[in-house]
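# Overview (structure and organization)
Read off the chains here:
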Amino acid sequence: MGVAFRKIRSQLRLLNPFKGHAPDEIPFEIRFDPLTGATGRVFDLPFKAEMPDVADIVERSRKIFCPFCPAALEKSTPEFPKELIPEGRIKFGSATLIPNLAPFEKYAGVAVFSPEHFLPMENLTPETMGDAFSACVLYLKRVAEFDPLVRFFSINWNYMPCAGSSLVHAHLQPNAGEVPTNALREQVEGSRTYEQENRRNFWQEFVETEMQQEERYLQTIGSSSWVMSFVPAGFLPDVQCVFPERASLFELTEEDLKSFLDGLEKTLKYFLHEDLYSFNVSIFSVKGEPSHRVNARICPRLFPRPIGNSDIAYPQMMHKESFTVRPPEAVREKLLPFFRP
Ligand SMILES: [Zn+2]
């Protein structure tokens, strides 16, 4: 059967006030995720993001207590139990990894990038991001060794308040637990089903198909393959990274992590170019699941209109249905120069 990129084309009919109330049709697509079957709506509407007032956000954040700034970090943040992390906190280069006070998981950490309160998006490079990601991998490895029941791992990032971060001070959130989140469970179920039905690995075949079709494929960097998501997660299309030969985070080499950071930097440079100054990142990984592969998504976040409305509304919140105002294939054309200069 192979990997299928299924979509239904439809249209909304109306009398268009911008065309003298003449009969008109606005096309849209309902797309089916090739792995999970989950649907999302894709439109093609003119949209241009507006650069948020970053200086104002940073200035307001400086007036609020920041537990991640050097003056507070030692005193105000928790330490890990000694049996898990004997040194209490993990230090890796400029990054410090501490327990998360919010119990997102049985094992939940926060990796503070550096002592610097504000890490501008312009400065997000493999060099400035590497230590925090390496600290997360180190922490999750320790957790996996410490607690063999834990199988589901993720490294997550809300960059700036618009993406859900309560603090401007850049930090990652590594999580590990015994019960997958909905997204991870759907990935695992889809990977198993595909392998049973096709006798092939979904992720490898997915990357091969995307490369052949050249509609959403961006580039291969080392062991990582980069594509536009067929069913985007957010208001604007997101970028997906797959390691087709890596079944778990713990197989990633230093070189693999560098490949990820290279692709991440290119993606973020494009977001910045489009005045998108906020984003979410998640890296997904499972232990002991031979059909699954390490993968990640990088999704821009924004307030779409000057009133400051959220880019998440009833479709995502109540219907678990994404809607995206630009097709990923159109955005790919703009992203390609960043991946293949
Ligand atoms: Zn700070």
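Residues numbered from 1 in each chain as written. Predicted model: local features only at pLDDT ≥ 70, side-chain atom pairs only at ≥ 80, totals over all residues. Heavy atoms only, no water.

As a further point, take the nonpolar core. Nonpolar side chains in soluble globular proteins generally cluster together in the buried interior. Within the largest apolar cluster, 71 residues are counted, with the highest numbers of intra-cluster contacts made by Phe133, Tyr139, Trp157, Phe260 and Leu264. Among all residues touching Trp157, those that are not within four sequence positions of it are Phe113, Leu124, Met129, Phe133, His171, Leu172, Leu264, Phe279, Asn280 and Val281. Of all hydrophobic cores here, the second largest spans 13 residues; its members include Leu35, Trp203, Tyr217 and Phe230. (Core = buried A, V, L, I, M, F, W, Y, C linked by side-chain atoms within 4.5 Å. Buried < 20%, exposed > 50% of the residue type's maximum accessible area, 1.4 Å probe, protein only. Contact = heavy atoms within 4.5 Å.)

So, on to helix α6 (residues 254–273). For α6, built from 20 residues, the straight-helix expectation of 28 Å at 1.5 Å per residue is met to within 8% by its first-to-last C-alpha distance of 29 Å. Extensive coverage of α6 is indicated by the burial of 14 of its 20 residues. Note on α6: the residue one or two positions beyond its end, Asp275, has a positive phi of about 65 degrees. (Helix = DSSP H or I, 4+ residues; strand = E, 2+ residues; numbered from the N terminus. Expected span 1.5 Å × (residues − 1).)

Another point: the pattern of salt bridges. For the coordinates displayed, the defined rule picks out 33 salt bridges. A salt bridge links Arg31 to Glu329, with the nearest nitrogen and oxygen atoms 2.9 Å apart. Taken together, the positions of Arg31 in strand β2 (residues 22–32) and Glu329 in helix α8 (residues 328–339) put the pair 298 residues apart, joining distant regions of the chain. For Arg31, a relative accessible area of 1% corresponds to the buried category. With a closest N to O distance of 2.7 Å, Glu329 and Arg216 form a salt bridge. Of the two residues, Glu329 sits in helix α8 while Arg216 sits in the loop between α5 (202–213) and β9 (217–221), which places them 113 residues apart along the sequence. Among the residues examined, Arg216 registers a relative accessible area of 1% and is labelled buried. Put simply, Lys7, Arg9, Glu29, Arg31, Glu210, Glu215, Arg216 and Glu329 are held in one network by salt bridges that share partners. (Salt bridge = Lys/Arg side-chain N within 4 Å of Asp/Glu carboxyl O.)

The contact between α6 and α8 brings their axes to 9 Å, and the two run at 125 degrees. The pairing of α6 with α8 is recorded here as oblique in orientation. Where α6 crosses over α8, the handedness of that crossing is right-handed. Here Gly263, Lys266, Thr267, Lys269, Tyr270 and His273 of α6 lie close against α8, whose contacting residues are Val331, Lys334, Leu335, Phe338 and Phe339. Across the contact of α6 with α8, the residue classes break down as five nonpolar, three polar and three charged. (Axes fitted to C-alpha atoms, helices over the stretch in contact; angles between N-to-C directions. Parallel < 35°, antiparallel > 145°, perpendicular 65-115°, else oblique. Left-handed = near helix turned anticlockwise from the far one by under 90°. Nonpolar A, V, L, I, M, F, W, Y, C, P; charged D, E, K, R; others polar.)

Let's shift gears to the side chain of Ser285. With respect to the helices, strands and loops of the structure, Ser285 is situated in strand β12 (residues 279–286). In this structure the side chain of Ser285 is engaged in a polar contact, spanning 2.9 Å, whose partner is the backbone nitrogen of Leu249. Contacts of Ser285, omitting those with residues within four sequence positions, involve Arg151, Phe152, Phe153, Leu184, Ser248, Leu249, His292 and Val294. (Polar contact = N/O pair within 3.5 Å; in protein donor to acceptor, adjacent residues only side chain to side chain.)

Our next topic: the coordination of the zinc ion. Donor atoms from the polypeptide that coordinate the zinc ion comprise Cys66 (SG), Cys69 (SG), His117 (ND1) and His169 (ND1), at 2.1 to 2.3 Å from the metal. One way to put it: the four donor atoms around the zinc ion meet at angles of 101 to 120 degrees, and that makes the site tetrahedral. All donors to the zinc ion come from one chain, and their sequence spacing reads C-x2-C-x47-H-x51-H. Of this pair, Cys66 sits in the loop between α1 (54–62) and α2 (70–76) while His117 is found in the loop between β6 (107–112) and α3 (126–146), placing the two residues 51 residues apart along the sequence. Like His117, Cys66 is buried. (Donors = N, O, S within 2.8 Å, 3.2 Å for Na, K, Ca; no water. Tetrahedral: all angles 85-135°; square planar, octahedral: opposite > 155°, others 65-115°.)

The next subject is the sheet that holds strand β5 (residues 95–99). Judged by pairing direction, the sheet is antiparallel, and its 10 strands sit side by side in the order β4-β5-β6-β8-β7-β12-β13-β11-β10-β9 without closing on themselves. Only two strands of the sheet have a single neighbouring strand rather than two, namely β4 (90–92) and β9. Sheet twist, expressed as the average angle between the axes of neighbouring strands with direction ignored, equals 15 degrees. Taken together, the four bridges between strand β11 (residues 239–242) and strand β13 (residues 295–300) define a ladder with antiparallel strand orientation. Pairing of Val239 across the sheet is with Ile298, part of β13. Contacts from helix α4 (residues 182–198) reach β7 (152–159), β12 and β13 within the one sheet, and its direction differs from that of β12 by about 45 degrees. (Pairing = 2+ DSSP bridges.)

What follows concerns the packing of aromatic side chains. With the rule as written, the count across this model stands at 22 aromatic pairs. Taking the centre distance of 6.0 Å and the plane angle of 70 degrees together, the rings of Phe133 and Trp157 count as edge-to-face. Of this pair, Phe133 sits in helix α3 while Trp157 sits in strand β7; the two residues are 24 residues apart in sequence, bridging distant segments of the chain. Taken individually, Phe133 and Trp157 each receive the classification buried, so the pair is uniform in this respect. Directly above the aromatic system of Phe32 lies the positively charged group of Arg6, at a separation of 4.0 Å from the ring centroid. Above the ring of Phe5, the side-chain terminus of Arg216 is found at 4.6 Å from the ring centroid. (Phe/Tyr/Trp six-rings, centres within 6.5 Å; stacked < 30°, edge-to-face > 60°. Lys NZ or Arg CZ within 6 Å of the ring centre and 35° of its normal.)

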